[in-house]
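Here's the letter readout for the chains.
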Number of protein chains: 2
Amino acid sequence: MRRHGANQTERLESDLLKLKALFDHPLYNMPKPSIPEDDWLLKVKPKGKQSERSSLMWVSASQGGYDDVQWNSSSESHPPWLRFHLGITRWELYPHLDPNMELLTQQIATQRIVSAVQKSGGTQLKLVMSFPNYGQALFKPMKQERDEETNYNLYYFSDFERHNAEIAAFHLDRILGYRRVPPAVGRLVDVVKEIKDITTDRKLAKTFFSSPVGNVCFYGLCSYYCSTEHAVCGRPLNLEASLAVMLPDLSLAPRRSWRSPWRRSYSRSKLAKWETEPDYCSTIKKTAPYNKGTRLVDFIDLVILDFLMSNMDRHHYETFEKFGNNTFLLHLDNGRAFGRHSKDEPSILTPLRQCCRIRRSTWLRLRLLSLPQYHISDVMRASLSTDPLHKVAPLLAEPHLAALSRRLKTVLDTVSRCQEQQKEDGREKVIYDDLDMEYPLHQISDY
Amino acid sequence: MRRHGANQTERLESDLLKLKALFDHPLYNMPKPSIPEDDWLLKVKPKGKQSERSSLMWVSASQGGYDDVQWNSSSESHPPWLRFHLGITRWELYPHLDPNMELLTQQIATQRIVSAVQKSGGTQLKLVMSFPNYGQALFKPMKQERDEETNYNLYYFSDFERHNAEIAAFHLDRILGYRRVPPAVGRLVDVVKEIKDITTDRKLAKTFFSSPVGNVCFYGLCSYYCSTEHAVCGRPLNLEASLAVMLPDLSLAPRRSWRSPWRRSYSRSKLAKWETEPDYCSTIKKTAPYNKGTRLVDFIDLVILDFLMSNMDRHHYETFEKFGNNTFLLHLDNGRAFGRHSKDEPSILTPLRQCCRIRRSTWLRLRLLSLPQYHISDVMRASLSTDPLHKVAPLLAEPHLAALSRRLKTVLDTVSRCQEQQKEDGREKVIYDDLDMEYPLHQISDY
């Protein structure tokens, strides 16, 4: 056992070195043009007259920015969640190697919870939790054992949401170099002290009970799985959960929701159009907003993330309204990912197969992640090991990590087949060139 | 592996010898008084005028017996299910070493299913299946893997029903020498050919669908777990199920339902009276029908069965109305037994602990089953191995078999403690003498 433990420590050290090497690689550190003032989602407004507003009205909805009433203009004094909000640009949620990330996630994982209420919308139970420094996080409870595979007779739209999938999706998205998933961390939450005793949500409070073995359980109100048979339970009080940093309030940063063109039918019997029309993408390519800019390849980026983590539940995606069509896609709501490791779901990759388009930067990073020295399973293992819940058990069981590597190969094979077809019939280029050609490509072209 | 297989075969042979020895033991073969004509539940009526009734009206409800229209009066020509019905007495459902049993269970397990409709009543999905020879069986589908333990946060009233529990309860009840559970066998049922295609129950038929992996599933209509999330599924068509021989129709043999005095509260928060009053049994002992005859010790017999298989869901029991209060208790509906092997549920044994009464015959058989040469786990393993589903996998996982032996010890310890208390305070005798004293007791008194 000791030997085994020592081996594990050695492997983790080696994995962490791989992750560091990955993040130090030029493909993750390409010089970026400076951000024009308008390409930030929010800005700190100059100090207003304090007397004009109540001390609680520190977030100004009407004026589209945070008032600098309670904070210094010096950003070092901003709480990490605010720095996160202020750091959102047209192109990403947070910068690569974000110096704010550690404190941000650490606070979400440890700060005192001062409020917990149900969040409406969606089909399954989730709570919004608030912290003393006005930060907020979206809480999703553990419902299944981490190594349990989803019942293969369940349709994707009946699947449970998994707290560890929310956390793992954040790590995978960052490893892919996207940075489009809000930071999510694991936390053991005391369901009595940190939910029942402090909630002002009476409907929620009414669903608490003590289980036959004395665990405290609750189920809340929602349309799926909110019943005594599907209660979530502490052991006896502590419940594993994911806490994802909340995005700026919709009143400050309105978002637009886009229906995925490759949305599933959400029916047991009906097929969607894309499932029967092999040439479906040629229509989409002519349809706004996919006919301009990077929207199509942005969507393909999301498809690749979803295929890797086997998420079939991407019916919509969102963007920040402020940035119009020329902006990154938010990769929100990943709770139904990582349900199965023993099986891949080829249909998730249909948009890539039908459209045969991919960003060069994404493609190069995927190839990097398929090399032994940056192996996707190893860097994910390393990245997840930094989560607080890793102390309880690995966030993803080994078979899930192994599946990542197998699925990555499928993605790269699909791109290769697209390229062969392109040579044969001279269609549009597969690789969308998003890299600045002035950048010394020889540094990265080996991959 | 071969060696392992050989060991298993040897063990099974030894277990089967133990079972045979048990059933040959005098305690299972005590001479019984002949049954007066009125002590049979049903009788074959003399042949009536065939022209007076439709050929389908072969069961006469109004006259309280089966017409002998289609059957010879020679009982050898009766179908096994009818012989089973005709063999029910005031004291047991079927005789020890019943020569009819093998053919009866074999037919239920293999005969063509000509009809399958939902049975109303109860909370979970069950079907009544009919066979070409007019026999009928109650179908309960497999919902959980056999070695899965019930979620320990679920209350007993939210637990799933288990097909293998129905089967195992029949075997255990027979091993205890009760013979009060209707014969139940396992069967792989083709959900399309043997249910969907032949059912006349349109509401049932509408709930069939094909699962994401192509298994055929259905969920029916009921108050618990009848939804797409809890569908039961073939693999891809075959579904494990229990089929229990139906008792005679209620119109022929009406039954009386008795509320258990030790019924649980069926509430997450309320306690039942017996849970707070240590002297609860002294009231029950004075209350009809527990104040006369064998009703109290009959109930204790049932309690012991339930404790051994950890069934907390015994809210009612039934008797055949014809026999009044002086008859055996039907041990029906055991689907919530065998949910947990790692934990015992002492509260099930409360009636024995509070009343300190037990039949001598039961007590002696329990002591027999605690001896190595008749060890309860081994004889159960042997008995279950005769079920057709044993070819697929053992009906009960080994930890369940081990739990039987552990729980048997608890029952015997409880009786011993009762006897010590009796010596101390000179209360009523613990052992209820139901054995004919003329019978050579020295043959059995060693145990």
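Residues numbered from 1 in each chain as written. Chains lettered and ligands numbered in written order. Predicted model: local features only at pLDDT ≥ 70, side-chain atom pairs only at ≥ 80, totals over all residues. Heavy atoms only, no water.

Quick look at the overall build of chain A
This is how the line gets drawn: Helix numbering and strand numbering both begin at the N terminus, where a helix is a DSSP run of H or I of at least 4 residues and a strand a DSSP run of E of at least 2. Any residue under 20% of the maximum accessible area for its type is buried, any over 50% is exposed, and the rest in between are partly exposed; the area is computed with a 1.4 Å probe on protein chains only. In this description, contact between two residues means that some pair of their heavy atoms is separated by no more than 4.5 Å. In short, Shrake-Rupley with a 1.4 Å probe defines the accessible areas, and a residue's cover is counted only from the protein chains shown.
Helix and strand counts for chain A stand at 13 helices and 14 strands. Put simply, chain A has 447 residues, and 55% of those count as buried. Contacts spanning at least 24 positions in sequence make up 71% of the contacts within chain A whose residues lie at least 6 apart. Of the roughly 20400 Å² of accessible surface on chain A, a fraction of 52% belongs to carbon and sulfur atoms.

What to know about the interface of chain A and chain B
Inclusion rule: Once two parts are brought into contact, the accessible area they lose, counted with a 1.4 Å probe and summed over both, makes up the buried area. Counted as salt bridges are all cases of a side-chain nitrogen of Lys or Arg within 4 Å of a carboxyl oxygen of Asp or Glu. Amino acid classes used here: Ala, Val, Leu, Ile, Met, Phe, Trp, Tyr, Cys and Pro are nonpolar; Asp, Glu, Lys and Arg are charged; the rest, including Gly, are polar.
Between chain A and chain B, the residue contacts involve 21 residues of the former and 21 residues of the latter. Interface area, chain A with chain B, both sides summed: about 1900 Å², of which 52% is carbon and sulfur. A per-residue breakdown of the area chain A buries against chain B is headed by A:N153, A:E229 and A:R268, which together make up 29% of the total. Counting the contacts that link chain A with chain B gives 0 salt bridges. Looking at side-chain class alone, the side of chain A that touches chain B contains 10 nonpolar, 7 polar and 4 charged residues.

Let's talk about the pattern of salt bridges
All names here are of chain A. Under the definition given, this model contains 60 salt bridges over all chains. Residues E92 and R179 are paired through a salt bridge, measuring 2.9 Å at the closest nitrogen-oxygen approach. Of the two residues, E92 sits in the loop between α2 (80–86) and α3 (101–110) while R179 sits in the loop between α4 (163–175) and β6 (184–190), which places them 87 residues apart along the sequence. You'll find E92 and R179 in the same group, each marked buried. Three or more residues joined by partner-sharing salt bridges are found here, namely R11, D15, K18, D378, R381 and E398.

A short note on the UniProt feature "binding site: Mn(2+)" (unreviewed entry) in chain A
All names here are of chain A. Defined as follows: UniProt positions are given in the numbering used here, feature names are shortened, and annotations may be inferred rather than shown by experiment.
With numbering matched to this structure, UniProt assigns "binding site: Mn(2+)" (unreviewed entry) to E161 and D333. Despite a sequence span of 173 residues, these residues sit close together in the fold, their greatest C-alpha distance being 9.2 Å. Along the polypeptide, E161 turns up in the loop between β5 (136–141) and α4. Those residues in contact with E161 that sit more than four places away from it in its chain are Q124, K140, K143, D333, G335 and R336. Residue placement: D333 occurs in the loop between β12 (316–320) and α10 (350–355). With a relative accessible area of 45%, D333 lands in the partly exposed category. With residues near it in sequence (within four places) discarded, D333 still touches K140, E161, E166, N311 and R314.

Points about the relation of the copies chain A and chain B
Here is the rule: The fit set for superposing copies consists of C-alpha atoms from residues with pLDDT of at least 70 in both; the fit itself is least squares.
Here chain A sits on chain B after a turn of 180° about the axis and a move of 0.0 Å along it, with an RMSD of 0.0 Å. Given the turn and translation reported, the copies of this chain are related as if by a two-fold rotation axis. A share of 100% of interface residues in chain A that are also interface residues in chain B marks the association as one of identical surfaces.

Quick word on helix α9 (residues 295–309) of chain A
Residue and element names in this part refer to chain A. Note the cut-off: Take the residue count of a helix, subtract one, and multiply by 1.5 Å to get its expected span.
Given a rise of 1.5 Å per residue, 15 residues ought to cover 21 Å, and the 21 Å separating the end C-alpha atoms of α9 matches this to within 8%. Summarising burial for α9: 15 of the 15 residues are buried, a large majority. Two residues or fewer past α9, S310 is found with a positive phi of approximately 55°.

Things to note about the nonpolar core
Note the threshold: Among buried residues, those of type Ala, Val, Leu, Ile, Met, Phe, Trp, Tyr and Cys that are joined through side-chain atoms within 4.5 Å constitute a nonpolar core.
Ranked by internal contacts, the top residues of the largest apolar core, which has 117 residues, are B:I195 and B:F218. Among the elements that make up this core, the one with the highest residue count is helix α9 (residues 295–309) of chain B (10 residues). Among all residues touching B:I195, those that are not within four sequence positions of it are B:A116, B:L127, B:M129, B:F139, B:V189, B:D190, B:L204, B:F208 and B:F218. Listed in part, the 115 residues of the second largest apolar core include A:A137, A:I167, A:A168 and A:W274.

A look at the state of the cysteines
Residue and element names in this part refer to chain B. Note the following rule: Defined by distance alone, a disulfide is two cysteine sulfur atoms within 2.5 Å.
All told, the structure shown has 8 disulfides over all chains when counted by the stated rule. Here C356 connects covalently by a disulfide to C418, the sulfurs 2.0 Å from one another. Residues C356 and C418 are joined by a disulfide whose S-S torsion is about -80°; by sign, that bridge is left-handed. Here C356, found in the loop between α10 (350–355) and β13 (358–359), pairs with C418, found in helix α13 (residues 398–425); they are 62 residues apart in sequence, far enough to count as distant. The two residues C356 and C418 agree in class, both being buried. Each bonded cysteine in chain A gets a number by its place in the sequence, and the pairs come out as 1-4, 2-3, 5-6, 7-8.

Description of a nonpolar patch on the surface
The cut-off we apply is this: Patches here are clusters of residues that have more than 30% relative accessible area and form no salt bridge, with a 9 Å joining cutoff for like charges and a 5 Å cutoff for nonpolar side chains (Val, Leu, Ile, Met, Phe, Trp, Tyr).
On the surface, A:I35, A:W40 and A:W91 cluster together into a nonpolar patch covering about 270 Å² of accessible area. The residue A:W91 is located in the loop between α2 and α3 in this model.

Comments concerning the domain arrangement of chain A
Residues and elements named next belong to chain A. As a reminder of what qualifies: Note: domain ranges come from an automatic or database domain assignment. Polar contact is defined as a pair of N or O atoms within 3.5 Å, subject to the rule that within protein one atom must be able to donate a hydrogen and the other to accept it, and that residues adjacent in sequence are counted only when both atoms are side-chain atoms.
Parsing chain A into structural domains produces domain 1 (68–245) and domain 2 (255–443). The C-alpha-based centres of domain 1 and domain 2 are spaced at 25 Å. Every contact between the two is made by 52 residues of domain 1 and, on the other side, 52 residues of domain 2. Between domain 1 and domain 2 lies a buried interface of about 4200 Å² when both sides are counted; carbon and sulfur atoms form 60% of it. By the criterion of area lost to domain 2, the three top residues of domain 1 are R146, Y156 and R180, representing 19% of everything that side buries. Taken together, the connections running from domain 1 to domain 2 amount to 2 salt bridges. A salt bridge links D301 to R180; its shortest N-O distance comes to 3.0 Å. Here domain 1 is connected to domain 2 by 29 residue pairs in polar contact (both at pLDDT 80 or more). Counting only elements with at least two residues in the side of domain 1 that touches domain 2, the list comes to α4, β6 and β10 (238–245). With 12 residues, α4 is the largest single contributor of residues to the side of domain 1 that touches domain 2. Residues of the side of domain 1 that touches domain 2, tallied by class, amount to 25 nonpolar, 11 polar and 16 charged.

Overview of the environment of A:L22
Tracing the chain through its elements places A:L22 in helix α1 (residues 2–24). Residues in contact with A:L22, not counting those within four places in the same chain, are A:Y28, A:I175, A:L368, A:L369, A:Y374 and A:V379.

What about the confidence of the model for chain A?
All names here are of chain A. Counted only if it meets this: Every residue gets a pLDDT, meaning the predictor's confidence in that residue, from 0 to 100.
Averaged over chain A, the pLDDT score is 90; the fraction of residues at 70 or greater is 90%. pLDDT under 50 marks residues 68–74. Its contacts with residues more than four places away, or in other chains, come to 21 contacts. Reported confidences for the modelled complex are a pTM of 0.83 and an ipTM of 0.74.

Section: unusual backbone geometry
Excluding glycine, a negative phi dihedral is what most residues carry, and trans is how most peptide bonds are arranged. Residues and elements named next belong to chain A. Cis geometry is found at the peptide bond from R235 to P236, where omega equals -10°. Mapped onto the fold, P236 is located in the loop between β9 (232–233) and β10. One non-glycine residue, Y225, lies in positive phi territory at about 60°. Residue placement: Y225 occurs in the loop between β8 (216–218) and β9. When its relative accessible area of 9% is taken as the criterion, Y225 is described as buried.

Quick notes on a negative patch on the surface
Going by this rule: Under this rule, positive means Lys or Arg and negative means Asp or Glu; His and the chain ends count for nothing. Where a charge sits is defined by one atom per residue type, namely NZ (Lys), CZ (Arg), CG (Asp) or CD (Glu).
Together, A:D147, A:E148, B:D147 and B:E148 make up a negatively charged patch on the protein surface. Locating B:D147 in the fold gives a position in the loop between β5 (136–141) and α4 (163–175). By relative accessible area, B:D147 is classed as exposed at 56%.

Here's the deal with the sheet that holds β10(A)
Residue and element names in this part refer to chain A. Under the convention used in this document: Paired strands, in this sense, are two strands between which DSSP finds at least two bridges. Angles shown run from 0 to 180 degrees and are taken between the N-to-C directions of axes, each axis being a line fitted to C-alpha atoms and, for helices, limited to the stretch in contact.
An order of β3-β4-β5-β10-β6 is seen for the 5 strands of this open sheet, with the pairing classed as antiparallel. The sheet is open, and its two edges are formed by β3 (115–118) and β6, each paired on a single side. With direction set aside, neighbouring strand axes in the sheet form an average angle of 35°. Note: β3 against strand β4 (residues 127–130), 4 bridges, orientation antiparallel. Considered in β4, the bridge of V117 is made with V128. The strands touched by α3 are β5, β6 and β10; relative to β6, the strand with the most contacts, the crossing angle is about 20°. α4 rests against β5, β6 and β10 of the sheet, and its axis sits at about 35° to β10.

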